[in-house]
Amino acid sequence: MRLLFGSCFTLLIAAALGLGATWFTLTRGVAFGALTIGAWKAWPKSGSPDIDPYARAMVARTGELPTGMGDGVAFYARTDDAGNAFDGRCTFRIAGMTPTARYWTVTLYTPEGRLVANTIDRHSFTSEEIVRDNDGRFTITVAPLARPGNWLPTGGIEQFVLVWRLYDTAIGVATRTTKEGPMPAIARKGC
Amino acid sequence: MVRGLLWILAAVLLGGIVHLSTVLAMPQAAKQDAYSRLAQLTPVNAMVPLAATKAGAEIMPFMDPAFAAAVCRYDLSGGPLKLIAPVSQAYTSVTFYTRRSIAFYAINDRAAGRRTIELDLMTAAQHAQVPEDEDVTAADRLIIESPTPMGLIVLRALAPEPGLMPMARQALAAATCQIQSQ
């Protein structure tokens, strides 16, 4: 009797622990070997056959196709440099340098990877269309309401994700230091 | 007391096994992975342009809206596949994915080094059957081995600004992927 009770208890706990851990890792996006530059994180290996099992499972669950290693690399940011989570009701300013790449794009998504509907049909900027100052620098303002210059609308959603994709770049698995790949700084400018 | 701890230890160990096996089984079990989504929209062994990435009409999550994309959902059981893709003015890339969304090969227009990207996709068994002299004479022939008989070829062309999207889409429209009869 005690054996039966014990094994039932064990199996229940095991199932709860195991499935809970799987759900947690796949919804929170736990993946190993991230290349972190400031608030930006990339997983260059996810675009190759060396993709780790957690990233494989996550990609299969969400239905996305990772950026291939010979194509480019995608950096994800969910917070600013100070660790404040991206809130679409706040204003964030992105400025600084980008690593060498033939082209780049920066896109705003919902946490599920969907675009956010807005009146000006603006979801991203490419390196070609962004408005720069005389020194070639740029500033992007991510905000719910219209701003002058490079305005990326948030649509006022609670949480958003920014993805910075570098195409035809040397940044990848071998990149170790932030010196090789300076990524733009992100700062919150009020809510 | 000791017996209780043993039960808990067993539960944690078993939980770890459950966790690892579910993570490993996820790619096989997923019903909404990229291949399944595209299977409803695309025929086999033909290059099909995808609808523009718009809010509320995304085919897959985290697609780059600055790109026009076309997909060839391939099945190599009938023979090797030939991909011909003219490059657009800005930036064009080809990425090969297995049935389980693993990007096993990617190349861009500059690496391909020509006005047209031409690739032969085949399984390891089909590659072994390619006559050796043919392999040598066609030195510029790029052969890619697919780890799985089925998968996806995704062709992407960048529109550096929204006004250039028709140009990018036009470049993709001329791309083909066809089974080569053996």
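All of the points below concern the structure found in this document. No experiment lies behind these values; they were computed from the predicted model shown. (Residues numbered from 1 in each chain as written. Chains lettered and ligands numbered in written order. Predicted model: local features only at pLDDT ≥ 70, side-chain atom pairs only at ≥ 80, totals over all residues. Heavy atoms only, no water.)

When helices and strands are counted, chain B shows six helices and nine strands. Seen through its principal axes, chain B has C-alpha atoms that stretch 75 × 50 × 30 Å. A buried classification covers 50% of the 182 residues belonging to chain B. Excluding contacts between residues fewer than 6 apart, the proportion of contacts in chain B whose partners are at least 24 apart in sequence is 71%. Element-wise, carbon and sulfur atoms account for 60% of the exposed surface of chain B, whose accessible area totals about 8,700 Å². Counting 14 positive and 14 negative side-chain charges, chain B places the averaged centre of each group 12 Å from the other. (Helix = DSSP H or I, 4+ residues; strand = E, 2+ residues; numbered from the N terminus. Buried < 20%, exposed > 50% of the residue type's maximum accessible area, 1.4 Å probe, protein only. Contact = heavy atoms within 4.5 Å. Areas by Shrake-Rupley, 256 points an atom, 1.4 Å probe, with all protein chains shown as cover. Lys, Arg positive; Asp, Glu negative; His and termini not counted. Charge placed at Lys NZ, Arg CZ, Asp CG, Glu CD.)

Right, let's talk about the overall build of chain A for a bit. When helices and strands are tallied, chain A shows two helices and 10 strands. Helices and strands appear in chain A in the N-to-C order α-β-β-α-β-β-β-β-β-β-β-β. Overall, the C-alpha framework of chain A stretches about 80 × 35 × 30 Å when taken along its three principal axes. With 191 residues in all, chain A has 48% of them scored as buried. Sequence separation of at least 24 residues holds for 71% of the intrachain contacts in chain A that already meet a minimum separation of 6. Accessible area of chain A: about 9,400 Å², with a carbon and sulfur share of 57%. Here chain A carries 20 positive and 16 negative side-chain charges, and the mean point of each set is 6 Å from the other.

The next subject is the packing of helix H2 (residues 53-62) of chain A against helix H1 (residues 2-29) of chain B. Packing of H2(A) against H1(B) brings their axes to within 8 Å, and their N-to-C directions diverge by 50 degrees. Accordingly, the angle class assigned to the pair H2(A) and H1(B) is oblique. With respect to the hand of their crossing, H2(A) and H1(B) are arranged in left-handed fashion. In this structure, H2(A) uses Pro53(A), Tyr54(A), Arg56(A), Ala57(A), Ala60(A) and Arg61(A) to contact H1(B), whose residues at the interface are His19(B), Leu20(B), Val23(B), Leu24(B), Met26(B), Pro27(B) and Gln28(B). Looking at the contact of H2(A) with H1(B) residue by residue, the class counts come to nine nonpolar, two polar and two charged. (Axes fitted to C-alpha atoms, helices over the stretch in contact; angles between N-to-C directions. Parallel < 35°, antiparallel > 145°, perpendicular 65-115°, else oblique. Left-handed = near helix turned anticlockwise from the far one by under 90°. Nonpolar A, V, L, I, M, F, W, Y, C, P; charged D, E, K, R; others polar.)

Once that is clear, we can look at the interface of chain B and chain A. Counting residues at the interface gives 57 residues for chain B and 61 residues for chain A. Surface buried jointly by chain B and chain A totals about 4,600 Å² across both partners, of which 66% is contributed by carbon and sulfur atoms. Taken as a group, Trp7(B), His19(B) and Phe62(B) account for 17% of the area that chain B buries against chain A, more than any other trio of residues on that side. Taken together, chain B and chain A are joined by three salt bridges. The shortest N-O distance in the salt bridge between Asp64(B) and Arg165(A) comes to 4.0 Å. Joining chain B to chain A, the criterion identifies 17 residue pairs in polar contact (both at pLDDT 80 or more). (Buried area = accessible area lost by both parts, 1.4 Å probe. Salt bridge = Lys/Arg side-chain N within 4 Å of Asp/Glu carboxyl O. Polar contact = N/O pair within 3.5 Å; in protein donor to acceptor, adjacent residues only side chain to side chain.)

Taken as a whole, this structure holds two disulfides over all chains when the rule is applied. Residue Cys90(A) pairs covalently with Cys191(A) via a disulfide, S to S 2.0 Å. Judged by the sign of its S-S torsion, about 90 degrees, the cystine formed by Cys90(A) and Cys191(A) is right-handed. Of this pair, Cys90(A) sits in the loop between strand S3 (72-77) and strand S4 (92-95) while Cys191(A) sits in the segment after strand S10 (185-188), and the two are 101 residues apart along the sequence. When its relative accessible area of 4% is taken as the criterion, Cys90(A) is described as buried. Cys72(B) shares a disulfide with Cys177(B); S-S distance 1.9 Å. Disulfide Cys72(B)-Cys177(B): torsion about the S-S bond near 75 degrees, hence right-handed. (Disulfide = S-S within 2.5 Å.)

Let us now look at the pattern of salt bridges. Per the counting criterion, the structure on display carries nine salt bridges over all chains. The shortest N-O distance in the salt bridge between Arg156(B) and Asp71(A) comes to 3.9 Å. One end of the pair, Arg156(B), is in strand S8 (residues 150-158); the other, Asp71(A), is in the loop between H2 and S3, on a second chain. In this structure Asp71(A) comes out as buried when scored by relative accessible area, which is 2%. Residue Lys82(B) is joined to Asp120(B) by a salt bridge in which the shortest nitrogen-to-oxygen separation is 3.3 Å. You can see Lys82(B) sitting in strand S3 (residues 81-86) and its partner Asp120(B) sitting in strand S6 (residues 116-123), a full 38 residues away along the chain. Residues participating in the shared-partner salt-bridge network are Arg102(A), Asp168(A) and Asp109(B).

A separate point is helix H6 (residues 165-173) of chain B. Residues and elements named next belong to chain B. Residues of H6 that are buried include every one of Met165, Met167, Ala168, Ala171 and Leu172, and no others. Axial view of H6: buried residues confined to an arc of 165 degrees, hence all on one face. Across from the buried face of H6, at angles greater than 90 degrees, the exposed residues are Pro166, Gln170 and Ala173. Tucked into the core, H6 has its buried residues touching strand S2 (67-75), S3 and S8. (Arc of directions from axis to C-beta.)

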